[in-house]
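An overview of the molecular structure
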Amino acid sequence: QVQLVESGGGLVQAGGSLRLSCEASKSIFSFSKMGWYRQVSGKQRELVAAIIRGGSTMYGDSVKGRFTISRDSPKNTMYLQMNSLKPEDTANYYCNVVRVGFFDAWGQGTQGTVSS
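Scoring rules and cut-offs
Residues numbered from 1 in each chain as written. Predicted model: local features only at pLDDT ≥ 70, side-chain atom pairs only at ≥ 80, totals over all residues. Heavy atoms only, no water. Patch = residues over 30% accessible without salt bridge, like charges linked within 9 Å, V, L, I, M, F, W, Y side chains within 5 Å. Areas by Shrake-Rupley, 256 points an atom, 1.4 Å probe, with all protein chains shown as cover. Salt bridge = Lys/Arg side-chain N within 4 Å of Asp/Glu carboxyl O. Buried < 20%, exposed > 50% of the residue type's maximum accessible area, 1.4 Å probe, protein only. Disulfide = S-S within 2.5 Å. Helix = DSSP H or I, 4+ residues; strand = E, 2+ residues; numbered from the N terminus. Core = buried A, V, L, I, M, F, W, Y, C linked by side-chain atoms within 4.5 Å. Contact = heavy atoms within 4.5 Å. Pairing = 2+ DSSP bridges. Axes fitted to C-alpha atoms, helices over the stretch in contact; angles between N-to-C directions.

Turning to a nonpolar patch on the surface, a few remarks are in order. Together, Leu 47, Ile 52 and Met 58 give the surface a local cluster of nonpolar side chains, amounting to about 210 Å² of exposed area. With a relative accessible area of 37%, Met 58 lands in the partly exposed category.

Encoded structure:
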């Protein structure tokens, strides 16, 4: 298994930025996919952004052009840079890593709140 520790959430005004981090307990070289999801109470968890092993990225429609996912392999860490934040971006953000056939792991979540 792998443990994930998220950080970087907080309170920011609309138009501001937050940078989330997700540190894994083992090398990320073996991961098939790494991603960020978010969830608002009473709603389904939704994909925000993901990066697959080859380096390709994908984004949810609502965050395209504003959020950027990246990774630092030597640090075993994934990031989510969130710019031009809107109140509707307020959610609990979770990191997720998948190694096909081995594990599908989630972090504990970090709250991001955007005030209007």
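Further remarks concern the state of the cysteines. Joining two cysteines, a disulfide is a covalent bond between their sulfur atoms. Using the criterion set out here, one finds one disulfide in the structure. There is a disulfide in this structure between Cys 22 and Cys 95, and the S-S distance comes to 2.1 Å. For the disulfide bridge between Cys 22 and Cys 95, the dihedral angle about the S-S bond is near 55 degrees, and by the sign convention the bridge is right-handed. Separated by 73 residues along the polypeptide, Cys 22 in strand β3 (residues 18-24) and Cys 95 in strand β9 (residues 91-99) bring together distant segments of the chain.

The next thing to look at is the nonpolar core. Nonpolar side chains in soluble globular proteins generally cluster together in the buried interior. Counting residues in hydrophobic clusters, the biggest one holds 28 residues, and the most contacted among them are Trp 36 and Leu 80. Sorting the residues of this core by element identifies β3, β4 (33-39), β5 (46-52), β7 (67-72), β8 (77-82), β9 and β10 (103-106) as the ones contributing at least two each. Excluding residues that lie within four positions of it along the chain, Leu 80 makes contacts with Leu 18, Arg 19, Leu 20, Trp 36, Val 48, Ala 49, Phe 67, Thr 68, Ile 69 and Tyr 93.

A full pass over the atoms with the stated rule returns four salt bridges. The partner of Arg 66 in a salt bridge is Asp 89, with the nearest N and O atoms 2.7 Å apart. Of this pair, Arg 66 sits in the loop between β6 (57-59) and β7 while Asp 89 sits in the loop between β8 and β9; the two residues are 23 residues apart in sequence, bridging distant segments of the chain. Residues joined by salt bridges that share partners form a network here, namely Arg 38, Glu 46, Arg 66 and Asp 89.

Glancing now at the sheet that holds β3. With respect to topology, four strands assemble into an open sheet ordered β1-β3-β8-β7, the strand pairing being antiparallel. Either end of the sheet is taken by a strand with one partner, and the two such strands are β1 (4-7) and β7. Ignoring strand direction, the axes of neighbouring strands in this sheet form an average angle of 15 degrees. Bridge count for β7 against β8 is six bridges, and the pairing is antiparallel. Note that in β8 the partner of Ser 70 across the bridge is Tyr 79.

Keep in mind these values describe shape, not function.
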